[in-house]
2 protein chains.
Amino acid sequence: MSIDEVARKAGVSTATVSRVMNGSPSVKASTRARVEAVISQEGYSANRLARNLRTAESRLLLTMVPDFSNPFYAEIVKGIDSVARKNGYHLLLCDTGASLTAERTYFDMLRTRLADGAICLDPDSTQRAMASETGKLQWVACCEFDPKGPVPYVGINNAKAAQDAVRYLVERGRRNIAFINSDERFLYARQRKDGYMAALAQAGLTPFDGAIVKTEGLTFDDGRRVAARLLANPTRPDAIFAVSDTLAIGAMQALHEAGLRVPEDVAVIGFDNVPLAAMVQPALTTIAQPMFRLGENAALLLLERMRDPGMPPVGTLLDHELIIRGSA
Amino acid sequence: MSIDEVARKAGVSTATVSRVMNGSPSVKASTRARVEAVISQEGYSANRLARNLRTAESRLLLTMVPDFSNPFYAEIVKGIDSVARKNGYHLLLCDTGASLTAERTYFDMLRTRLADGAICLDPDSTQRAMASETGKLQWVACCEFDPKGPVPYVGINNAKAAQDAVRYLVERGRRNIAFINSDERFLYARQRKDGYMAALAQAGLTPFDGAIVKTEGLTFDDGRRVAARLLANPTRPDAIFAVSDTLAIGAMQALHEAGLRVPEDVAVIGFDNVPLAAMVQPALTTIAQPMFRLGENAALLLLERMRDPGMPPVGTLLDHELIIRGSA
């Protein structure tokens, strides 16, 4: 029921309905009672909206992630959630599919104060497109970010982390090191590729023909399919570095199906250290990102920003760690 | 900035600000211009809120899930999302942690029309507590539901599915069949336990001492820990039926660590058929739930309900399937 209908049913003006909803003292008690009766009768509760209009506070924080099916995001969201709850906020999660249109829609919620602030995990390219439109909106970037932009962020040093992983493979005598990358719209994909190239160059190596393959998605099956393609290549890799654990686990499945042993024939290193990485056989060697802490830090940064919108944009990089298990 | 501040800055009453925001024609053009100037100057955009008050439509659907870290929910959410987008809606996801307090907070969003409808995957016990409070709110239940309640739902026949899984183990000669259950606040946990007991009874068996173990969570690690406890039991199980794939995969890890072979020493069956189930070694035998279709159906049911709030509550049970792989 609209505000106009409430007004009509109560026999008052819409302005009076607004005044009742806003708790204005200038409404006669009998008029207030009549309006409230209509509102409660019709099941139309405008208290929350009215409160938003008054205090401009929803106690809701948006979190925008590009893809729910990657378990990587679940841990980050848990970190954000823990800080939010401690501070009296609730989370709203949006799966944007990394789409600018979806991101615009959700930013509109911020703009109209349906949420108080946002944490964005969408590709840096999408973020950059939004940064110019968002003006004074309170949001921070997590994992993906623009190091020179106006938005505070928290992330890791992706290039350095990838370099650590590939250097480890080189030190163990691997020479034909393949690289499974994902969508290069993402900063992390470009930076990890840089790290892969840097580690090879440092060892006087170059990628063999067809060593670098790409997927659009980050599912297990994406990893399996692209690794199968890699194995059809004239040069067989003796190691695979994948840009996410889900892709690495899918790749291990393809190796298993091709009758190849991990790590004897092909060593595999993933990225993220999702809980599952320790559960597969052989357990996955991977770069650990501090997912929970990334989420916590992003939420703390956002709350700080909301308290002090004028604070200069800061960027924090958390430490990564190479976790050595059975796969490499 | 609050409505009071806008009014003060523009030198008008809050009722006039409301009228401007509601697009009322009874405001002088010069007054309207003054109010709008203040609003745009201060970055306070009330258009969306005003539109909500007018049309009572946000084009947002809430989806409430109890735990993001279970990959089971990701597939359902994708199903919901696909139907929502085709119909011009966006999703808001909330991790309620299965808590009634959190659920109340999110239902408040519905009540105040910040969302147009909701799909709830929280435990049936939580849903039941809410059903009496929600009145005319538009929501449907997915996976968890009250078969005799007023809320439309879509789910599967959990008891029958569990019975199929355990019967398969019995038919392959297993006699000491353990059961890893999760929190019995969930309908599915109680129903799957019923199915386990029914299959044993049908075969003239009873659970061995200590055969039934419970976890609070559904993580891989919960499965690992509880399976380790199971293996310390005087009677060693020759099969394990776990109430989710995540628990089953964790249990396989515990068996591996104890030097037991799957399926030779202990057969394992999971539940859900998450994408990962096909990727572990050995691949997991499991009950497939049509997750994507559960999500699609829930969203369609909700949209139908929103169009016709008076429709009688319907319940739909979709088919499950036993997927036979290497683990049993």
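All of these numbers come straight from a predicted model, not from anything done at the bench. (Residues numbered from 1 in each chain as written. Chains lettered and ligands numbered in written order. Predicted model: local features only at pLDDT ≥ 70, side-chain atom pairs only at ≥ 80, totals over all residues. Heavy atoms only, no water.)

Peer 1: How should helix 9 (residues 187–202) of chain A be read in this particular structure?
Peer 2: Turn by turn, an α-helix covers 3.6 residues, leaving residues three or four places apart pointing in a common direction. All names here are of chain A. Counted at 1.5 Å a residue, the expected span for helix 9 with its 16 residues is 22 Å, and the 22 Å between its end C-alpha atoms agrees. When we look at burial in helix 9, the residues that qualify are L187, Y188, A189, Q191, R192, G195, Y196, A199 and L200. On its buried side, helix 9 packs onto helix 7 (124–134), helix 8 (158–171), strand 6 (177–181), strand 7 (212–214) and strand 9 (267–272). (Helix = DSSP H or I, 4+ residues; strand = E, 2+ residues; numbered from the N terminus. Expected span 1.5 Å × (residues − 1). Buried < 20%, exposed > 50% of the residue type's maximum accessible area, 1.4 Å probe, protein only. Contact = heavy atoms within 4.5 Å.)

Peer 1: Can you help me understand helix 6 (residues 100–111) of chain A in this one?
Peer 2: All names here are of chain A. In this model helix 6 runs 16 Å from its N-terminal to its C-terminal C-alpha over twelve residues, within 8% of the 16 Å that 1.5 Å per residue would give. Buried residues of helix 6: A102, E103, Y106, F107, M109 and L110, and no others. Down the axis of helix 6, the buried side of the element spans an arc of 140 degrees, and every buried residue falls inside it. Near the N-terminus of helix 6, the side chain that reaches the backbone nitrogen of T101, with its oxygen 3.2 Å away, is that of S99. Downstream of helix 6 by one or two residues, R113 has phi in the positive range, about 65 degrees. (Arc of directions from axis to C-beta. Polar contact = N/O pair within 3.5 Å; in protein donor to acceptor, adjacent residues only side chain to side chain.)

Peer 1: Please explain the pairing of strand 6 (residues 177–181) of chain B as it appears in this structure.
Peer 2: Two faces, one strand: in a regular strand the side chains alternate between the faces of the sheet. Residue and element names in this part refer to chain B. In terms of burial, strand 6 is a largely internal element, five of the five residues being buried. Of the two faces of strand 6, both are covered, the one formed by I177, F179 and N181 as well as the one formed by A178 and I180. Two elements, strand 6 and strand 8 (residues 239–242), share four bridges in a ladder whose sense is parallel. The residue bridging F179 from the neighbouring strand is F241, located in strand 8. Between the parallel pair strand 6 and strand 7 (residues 212–214), the chain is carried across by helix 9 (residues 187–202), and the sense of this crossover is right-handed. (Pairing = 2+ DSSP bridges. Right-handed = clockwise from strand over helix to strand, strands pointing away.)

Peer 1: What is the right way to read the packing of helix 8 of chain A against helix 9 of chain A from this model?
Peer 2: In a pair of packed helices, the angle between the axes and the distance between the axes together describe the arrangement. All names here are of chain A. It is the contact of helix 8 with helix 9, at a shortest axis distance of 7 Å, that shows an interaxial angle of 40 degrees. Comparing their axes, helix 9 and helix 8 come out oblique. Here the hand of the crossing between helix 8 and helix 9 comes out right-handed. Each of N158, A159, A162, Q163, V166 and R167 in helix 8 lies in contact with helix 9, whose residues at this interface are Y188, Q191, R192, G195, Y196, A198, A199, L200 and Q202. Class assignment for the residues of the contact of helix 8 with helix 9 results in eight nonpolar, five polar and two charged. (Axes fitted to C-alpha atoms, helices over the stretch in contact; angles between N-to-C directions. Parallel < 35°, antiparallel > 145°, perpendicular 65-115°, else oblique. Left-handed = near helix turned anticlockwise from the far one by under 90°. Nonpolar A, V, L, I, M, F, W, Y, C, P; charged D, E, K, R; others polar.)

Peer 1: Can you walk me through the environment of T215 of chain A in this structure?
Peer 2: Residues and elements named next belong to chain A. Its place among the elements puts T215 in the loop between strand 7 and helix 10 (220–231). The class of T215 is buried, set by a relative accessible area of 9%. A C-alpha to C-alpha distance of 8.9 Å links T215 and R225, two positions ten residues apart in sequence. Within the local environment of T215, its side chain forms a polar contact with the backbone oxygen of G217, the two atoms lying 2.7 Å apart.

By themselves these figures say nothing about function.
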